[in-house]
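# Chain and residue survey
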Amino acid sequence: MTDIFSLEGRVALVTGSAQGLGNVIARGMKEAGAKVVLSDVNPTTLQAAAAELGVPGYAFDISNEAQVTEAVAKIEAEVGPIDILVNNAGIHKRNLLIDMPVENWRKVIDVNLSGAFIVGRAVARGMIARKYGKIINIASINAMMVRPNIGNYCAAKGGIVTLTKSMATEWGEFGINVNAIGPGYFLTDLTKPLSEDPEFDAWVKSEVPLRRWGDPKDLVGLAVMLASPASNYISGQTIYVDGGWQACL
Ligand SMILES: NC(=O)c1ccc[n+]([C@@H]2O[C@H](COP(=O)([O-])OP(=O)(O)OC[C@H]3O[C@@H](n4cnc5c(N)ncnc54)[C@H](O)[C@@H]3O)[C@@H](O)[C@H]2O)c1
């Protein structure tokens, strides 16, 4: 049987991949045979991560259209046409809605939602011309189940779920699959303020049926599947990787 999960020879761009979930997904895609390209807004951590993995790294801000257009053209000229895009970069600016400065609302929507649109569209233009592409947007369990303090983030991630459907609807005829992954709570820098709080840590472990936080490696199998021929008839879906959390009250 040919390996339907192989990414051999495919160019895969992962945004926000200097660290955290994006970095682990990029590693997994490299192991599956992809020519991986890292990218991040932080050039220092990006260069270190790219050197460590032995792959190219391109610094750009996903919410800046001019930077995105330039970077995508440069990657396609220097590495090759992008076959796989993982829209992973994301941030938090935590406040209760009642106190949230409007700039914190706008910044999180701008990066977490508009960034996926801007990079997705820039990469999809080439994919449409080539009639092939796999786009994976990183949503969150918070698209479905919200918590106080992160109303901006939850709105952005809810938007990712419907943006995924819109991209799948408009770009399907060009051979592009678009899906989203909704992680539960994973141990990364983004969730450090939560995992270092003993009460929150105990709450996660008591609520998640699998009784633990997600390990970033837990996302690799699904990410590789959604980037590979194994998912050729799956599009517009958000698949949650949450240790079973959404199954129970
Ligand atoms: N960690 C979790 O539990 C969890 C759960 C659900 C969803 N997510 C989502 O997964 C994604 C990755 O999260 P993480 O936990 O690895 O976070 P992280 O903070 O460890 O890594 C995010 C990376 O994105 C980069 N980045 C931030 N803004 C950027 C921008 N404007 N342009 C380009 N790069 C930018 C950062 O420099 C950083 O390297 C995010 O979209 C996040 O919302 C994470």
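Summary of the structure given here. The structure displayed is predicted, hence computed values, not measured ones.

So, on to the site of the ligand. Surveying the vicinity of the ligand reveals 29 residues, the closest of which are G16, G20, G90, T188 and L190. Put simply, the parts of the chain that give the shell around the ligand at least two residues each are α1 (20–31) and α4 (102–130). Ranked by residue count, the leading element in the shell around the ligand is α1, at three residues. A class-by-class count of the residues in the shell around the ligand yields twelve nonpolar, 14 polar and three charged.

Turning next to the nonpolar core. If you look at the biggest cluster of nonpolar residues, it comprises 65 residues, and the most contacted ones within it are A12, I25, M29, V36, L38, A223 and A227. Here the element with the most residues in this core is α4; it accounts for nine residues. Other than its neighbours up to four places away in sequence, A12 contacts L7, M29, A34, K35, V36, V37, D83, I84 and A227.

What follows concerns the pairing of strand β2 (residues 35–40). Of all six residues that make up β2, six are buried, and the element is covered over most of its length. On β2, burial covers both faces: K35, V37 and S39 on one face and V36, L38 and D40 on the other are all buried. Each parallel crossover has a hand, and the one from strand β1 (residues 11–14) via α1 to β2 is right-handed. Bridge count between β2 and strand β3 (residues 57–59): three bridges; the pairing is parallel. What sits directly across from S39, in β3, is Y58. For the segment spanning β2, helix α2 (residues 43–53) and β3, crossover handedness is right-handed.

Analysis parameters
- Residues numbered from 1 in each chain as written.
- Predicted model: local features only at pLDDT ≥ 70, side-chain atom pairs only at ≥ 80, totals over all residues.
- Near = placed C-beta within 6 Å.
- Helix = DSSP H or I, 4+ residues; strand = E, 2+ residues; numbered from the N terminus.
- Nonpolar A, V, L, I, M, F, W, Y, C, P; charged D, E, K, R; others polar.
- Core = buried A, V, L, I, M, F, W, Y, C linked by C-beta atoms within 7 Å.
- Buried ≥ 20, exposed ≤ 12 C-beta atoms within 10 Å, placed from the backbone.
- Contact = placed C-beta atoms within 7 Å.
- Right-handed = clockwise from strand over helix to strand, strands pointing away.
- Pairing = 2+ DSSP bridges.

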